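Remarks on the overall topology
Each chain, letter by letter, is given below.
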Amino acid sequence: SKRLDGKTILITGASSGIGRSTAFEFARTSPQNLKLILTARRIDSLNQIAAEIVQEVGAGVRVLPVQLDVSNAQEVREFVSKLPAEFKEIDVLVNNAGLVKGVAKAPEIAEDDVEIMFKTNVTGLINMTQAILPSMLARNNGEGSGDIINIGSIAGREPYPGGSIYCATKAAVRSFTESLRKELIAKRIRVIGIDPGQVETEFSVVRFNGDKSKADAVYAGCEPLTPDDIAETIVFAAGRRENVIVADTLLFPNHQASATIMHRKL
Ligand code: NDP
Ligand code: 8X3
């Protein structure tokens, strides 16, 4: 979309899955004139993705890979203050970084797993939002300008057994997203929530600590969404006319009807 030309886009969790696909999708949609800031903890992957994007679409897209742990508030503040001048005015913040750990039921969930899920999915998303919002608010003679796109989950709408903490983090994302949209009612800032169902990424591999066979079993007999499907929706939302807010979107693959109702062809 021409509407994205010249924009500066910041994506968290861009080293894999949905974040990675979103980086490519923005670049393909606006290959002439776009600035992409790609962040995650794995800087090597980000460097690789940056090179692949420029190789595919050309140098009209400028890509800045930055190592950033969203859960570290200090690091997030420093990241913003150190952004090169030409990348400082962020138009679109895609709060995508997130993870799930395990399938333990509440009495057995490891303290570390509780902490990492909340500090990444919830506090991390809030850290990023607080860090970027001031510059969005200051633009346009104080009317504000920009998009905040928060990646929630079906898990935030429908909690399931074995997912209590992850589901609670995504319910928190949904709640924060809605409060923010209401708080910003007088500003020209769009707050956009996108809730995917089942998407095949590194998500389940991370959930099962690298156990690929357990991760694969999650998708047995199913045809999950691809990260590109979510990326297209994110870029669609960002590319709408300024007065249109794609406020709240739930995406399922054909075989899925809820967090737990899945038709499997086995
Ligand atoms: P992936 O595991 O493929 O990607 C997750 C990304 O988050 C990685 O780039 C990872 O990068 C990054 N990340 C994790 N922790 C941090 C951190 N502390 N700081 C910065 N970046 C971090 O999974 P998905 O692409 O599937 O997940 C993306 C989002 O989509 C998540 O919020 C997830 O909850 C959500 N989602 C996923 C669904 C699915 O079925 N896959 C369904 C619904 C929602 P690195 O390790 O390099 O830091
Ligand atoms: C990921 C989807 O339902 O596996 O957010 O938790 S689910």
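Within each chain, residues carry numbers counting from 1 in the order of the written sequence. Each chain takes a letter, starting from A, and each ligand takes a number, starting from 1, following the order in which they are written. Selection of residues for local features in this predicted model requires a pLDDT of at least 70, selection of side-chain atom pairs for listing and counting requires 80 or more, and totals for whole chains, interfaces and linings are taken over all residues.

So, on to the packing of helix H1 (residues 17–29) against helix H8 (residues 227–238). The description of two helices packed together rests on the angle between their axes and the distance between the axes. Geometry is summarised by axes, namely lines fitted to C-alpha atoms with helices restricted to the contacting stretch, and by angles between N-to-C directions that run from 0 to 180 degrees. A run of H or I in DSSP counts as a helix once it spans at least four residues, and a run of E counts as a strand once it spans at least two, with each numbered from the N terminus. Contact geometry for H1 and H8: axes closest at 8 Å, N-to-C directions at 50°. By the criterion of interaxial angle, the relationship of H1 to H8 is oblique. Between H1 and H8 lies a crossing whose hand is right-handed. Residues Gly17, Ile18, Arg20, Ser21, Thr22, Glu25, Phe26 and Thr29 of H1 form the contact with H8, whose participating residues are Pro227, Asp228, Ile230, Ala231, Glu232, Ile234 and Val235. In these notes the angle categories are as follows: under 35 degrees is roughly parallel, over 145 is roughly antiparallel, 65 to 115 is roughly perpendicular, and the rest is oblique. Each helix crossing is assigned a hand: it is left-handed if the near helix lies turned anticlockwise from the far helix by less than a right angle, otherwise right-handed if that turn is clockwise. Any residue pair is listed as a contact if its two C-beta atoms, each placed from the backbone, are within 7 Å.

Non-glycine residue asparagine 141 carries a positive phi angle of around 55°. With C-beta atoms placed from the backbone, a residue is labelled by how many other C-beta atoms lie within 10 Å of its own: buried for 20 or more, exposed for 12 or fewer, partly exposed between the two. Taking the C-beta count within 10 Å as the criterion, asparagine 141 has 7 such neighbours and is therefore assigned exposed. For asparagine 209, which is not a glycine, the phi torsion comes out positive at approximately 50°. Relative to the helices and strands, asparagine 209 resides in the loop between helix H6 (203–207) and helix H7 (212–218).

Along an α-helix, a turn takes 3.6 residues, which lines up residues three or four apart on a common side. Across its 28 residues, helix H4 (residues 111–138) extends 40 Å between first and last C-alpha, which sits within 8% of the 40 Å expected from 1.5 Å per residue. Note on bend: the value at a residue is the angle between axes fitted to the seven residues ending there and to the seven starting there. Along its length, H4 reaches its greatest deviation from straightness, about 35°, at threonine 123. What H4 keeps buried is the set Met117, Thr120, Asn121, Val122, Gly124, Leu125, Asn127, Met128, Ala131, Leu133 and Met136. Of the surrounding secondary structure, the elements contacted by the buried residues of H4 are strand E1 (8–12), helix H3 (73–81), strand E4 (92–95), strand E5 (146–151), helix H5 (164–183) and strand E6 (189–196). One or two positions beyond H4, positive phi appears at asparagine 140, with a value near 60°. To estimate the expected span of a helix, subtract one from its residue number and multiply by 1.5 Å.

Along the chain, pLDDT gives the predictor's confidence residue by residue, from 0 to 100. For the protein, mean pLDDT is 98; residues scoring 70 or higher make up 100% of the total. The complex prediction reports pTM at 0.99, with the ipTM value standing at 0.98.

Here we come to the pairing of strand E2 (residues 34–40). Buried residues dominate E2, accounting for 7 of its 7 residues. By this definition, two strands are paired if DSSP reports at least two bridges between them. Examined bridge by bridge, E1 and E2 share 5 bridges and lie parallel to one another. Its bridge partner being in E2, threonine 8 is matched across the sheet by lysine 35. Note on handedness: a clockwise path from strand one over the helix to strand two, with the strands aimed away from the viewer, defines a right-handed crossover. Note that the unit made of E1, H1 and E2 has a crossover that is right-handed. Here E2 pairs with strand E3 (residues 61–67) via 7 bridges, running parallel. Along E3, the bridge assignment pairs leucine 38 with proline 65. Assessed by its sense of winding, the connection that carries the chain from E2 through helix H2 (residues 43–57) to E3 is right-handed.

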